[in-house]
Structure formats: structure tokens, C-alpha cells
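Remarks on the overall topology
Listed below are the residues making up each chain.
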Amino acid sequence: MHNPSRSLALAAILAGSLGAQSPWGFGAKFGVAPTVGTPGEQRNRGSVLCAVQGERRLGGRGLVFVELNYRYFRSVQFEATRFGAGFAPGGAAGQITRWAFDASAGLPRADGRYDSVDIRKNLLEGMGLQAGYRHPLARSLWSLQAGVSLNALKSTQEVIGSLKVVRNREAATPTVLATENMLLDVSKSSLRPGCFAGLRADLDAHLFMECNLNLAGYSEVNYLPASYTGRPAASESRNRTKASLEFNAGLRF
């Protein structure tokens, strides 16, 4: 399997060797980037990133820079079962249910025979290319920076479960119209624009820290079992934007 972190490390070594031969300066950074606002289907705010940078000073005090980065958004499993109306192949309508109903007690009860479960985990990771401008604030160690990005992110959904479509669920022997077992991954790769803005502190000639607000577009994949729609199982995608607040530490070569 391709290892993006190894590629970035090799790029950093190459950048260091080129730094002494060109007007460009080079560096590398690592950090964390918790999601701002709702975490979406990752159900987790955490993410990590690593990157290599190249920068070139302009005629004044400002400079331009480009960055190649890798991001990994952490995710957790969650139950996505759509209890309620369900469909057998051919469109026959029934119910996707979790509980039987005990008429004598007037309460629901689980009997394990016709329960349905749909467990999902939504993974998101990929590479990004950024270009920006940085300008120092007065004579302090702080600089303002902002720019645009192009993000090649891959959304993968892991699906595990078993769905039963039944009729007359409260009867002693309900009618099972269909059983659909699921154990699969679906994925969607996309190339979407984004943007970022933030602050950078140059602690000395080699060490720096950054804090950036980053917006990255991507396509999120979602699997639709036949039991939910009455049509053949398929996947769909939705355009999303991931907002994250980055905290990075880096080394300039």
C-alpha cells in the first residue's frame, strides 16, 4: 500500500538538498487539526497532518509559499439502521424493526429473531496542494498568511450489518420478506478546491509554529442497501466541506 508519510519524508529530504542551490527555502511541519462545527459522518473531531513547504521571498517583506500535505481524519463506528419502512426485492413493502411487541405486557421486547443492525464507519484521508502569501506583522515574530488549496481526498465507508424486512412483526411467527447481509467497503475519490488563513510565528531561523483555519472540499460516499429503497443496492455521494483548525510545529531547512 502506498505510504503518503514516507513520500512526504522523501520530499523533505529532497527539499533540504535543493535549498542550498536555489532562492527557495524549504521546511516540513506536523500537527493536529480538530474539526470545527459538526464532525459529520466521521463522528470524531480529530485529524492529523504532515506537510513539506517551499517558500520564496518577494521584493518586499512578504513571501509566497507552496505546500504538499497529507491529512487523515479520524473516525468511529456508529449505528445507521433506518428502522421503519423497508422493501423486499421487487418492491414488496414491509418493516425494518428492532423490537417485538409483547401485547400482554403492553411493552416492546427484543427476541433476537428479527432484529436489524447497520453499522457504518466513514474514513477520510488524502493529499492536498496549497499556495499562499505570508506577510509579517510589524517587527514581531508573527506573520499573517492565507491562500487557496486543491484537495485530493478519498472517502471510504465500511458497512457491516444484517437487515430483515418483515410483515406482522407482532405476530408469533412474522412473515420475513427479505434478509440482506452486508460486509463491504465503498469509496469515492474527489478533487475539490479549498482555502485557508491563519498566523505563523517564526521562533528562530529554523523553528516555526502555525495556527490556520482550513476549509477543504470533498465528496462523501454513502451506501444504500436494497432494503431501504426497494431498488438494487447502490452508493451515492454528497459534496461536503470539512472545516478544521490546524495547530502545527515545523522546521525550516
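Computed from a predicted structure; not experimentally measured. (Residues numbered from 1 in each chain as written. Predicted model: local features only at pLDDT ≥ 70, side-chain atom pairs only at ≥ 80, totals over all residues. Heavy atoms only, no water.)

As a further point, take the side chain of Ser116. Within the secondary structure, Ser116 is located in the loop between β8 (107-109) and β9 (117-136). At a separation of 2.9 Å, a polar atom in the side chain of Ser116 contacts the main-chain amide nitrogen of Lys164. (Helix = DSSP H or I, 4+ residues; strand = E, 2+ residues; numbered from the N terminus. Polar contact = N/O pair within 3.5 Å; in protein donor to acceptor, adjacent residues only side chain to side chain.)

In this sheet, strand β3 (residues 63-73) lies alongside strand β2 (residues 47-57) in antiparallel orientation, the contact comprising 11 bridges. Each bridged residue has a counterpart across the sheet, and for Val48 the counterpart in β3 is Tyr72. With antiparallel pairing between neighbouring strands as the criterion, β2 and β3 make up a hairpin whose turn holds five residues. As paired elements, β3 and β9 share 11 bridges and run antiparallel to each other. Within the sheet, the bridge partner assigned to Leu63 lies in β9 and is Arg134. (Pairing = 2+ DSSP bridges.)

Tracing the backbone through its elements, the reader meets Trp24 in the loop between α1 (4-19) and β1 (25-32). When its relative accessible area of 29% is taken as the criterion, Trp24 is described as partly exposed. (Buried < 20%, exposed > 50% of the residue type's maximum accessible area, 1.4 Å probe, protein only.)

Counting across every chain of the model gives zero disulfides. You can see Cys211 has no disulfide; the closest cysteine sulfur is in Cys195, sitting 15 Å from it. (Disulfide = S-S within 2.5 Å.)

There is a patch of nonpolar side chains on the surface, built from Leu137, Leu141, Trp142, Leu144, Leu199, Leu203, Leu207, Met209, Leu251 and Phe253 and spanning about 870 Å² of accessible area. Mapped by element, the contributors of at least two residues to the nonpolar patch are β10 (142-167) and β12 (207-224). On the secondary structure map, Met209 appears in strand β12. (Patch = residues over 30% accessible without salt bridge, like charges linked within 9 Å, V, L, I, M, F, W, Y side chains within 5 Å. Areas by Shrake-Rupley, 256 points an atom, 1.4 Å probe, with all protein chains shown as cover. Salt bridge = Lys/Arg side-chain N within 4 Å of Asp/Glu carboxyl O.)

In this structure the tally under the stated criterion is 14 salt bridges. Arg120 is the salt-bridge partner of Asp118, the closest N and O atoms lying 2.7 Å from each other. The exposure classification of Asp118 matches that of Arg120, with both residues buried. For the salt bridge of Asp202 with Arg252, the shortest nitrogen-to-oxygen distance reads 2.6 Å. One end of the pair, Asp202, is in strand β11 (residues 175-202); the other, Arg252, is in strand β13 (residues 234-252), with 50 residues separating them in the sequence. Given the relative accessible area of 16%, Arg252 is considered buried.

Okay, the pairing of β10 next. For β9 and β10, the ladder comprises 20 bridges, and the chain directions are antiparallel. Note on β10: the bridge partner recorded for Gly132 is Gly147. The hairpin turn running from β9 into β10, its antiparallel successor, is five residues long, and Ala138 in that turn takes a positive phi close to 50°. Note: β10 against β11, 26 bridges, orientation antiparallel. Across the sheet, Val159 pairs through a bridge with Leu184, a residue of β11.

Core analysis: the largest hydrophobic core is formed by 11 residues, namely Ala88, Ile96, Val159, Leu163, Val165, Ala178, Met182, Val186, Val221, Tyr223 and Tyr228. Sorting the residues of this core by element identifies β10, β11 and β12 as the ones contributing at least two each. Listed in part, the five residues of the second largest apolar core include Phe73, Leu153, Ala216 and Tyr218. (Core = buried A, V, L, I, M, F, W, Y, C linked by side-chain atoms within 4.5 Å.)

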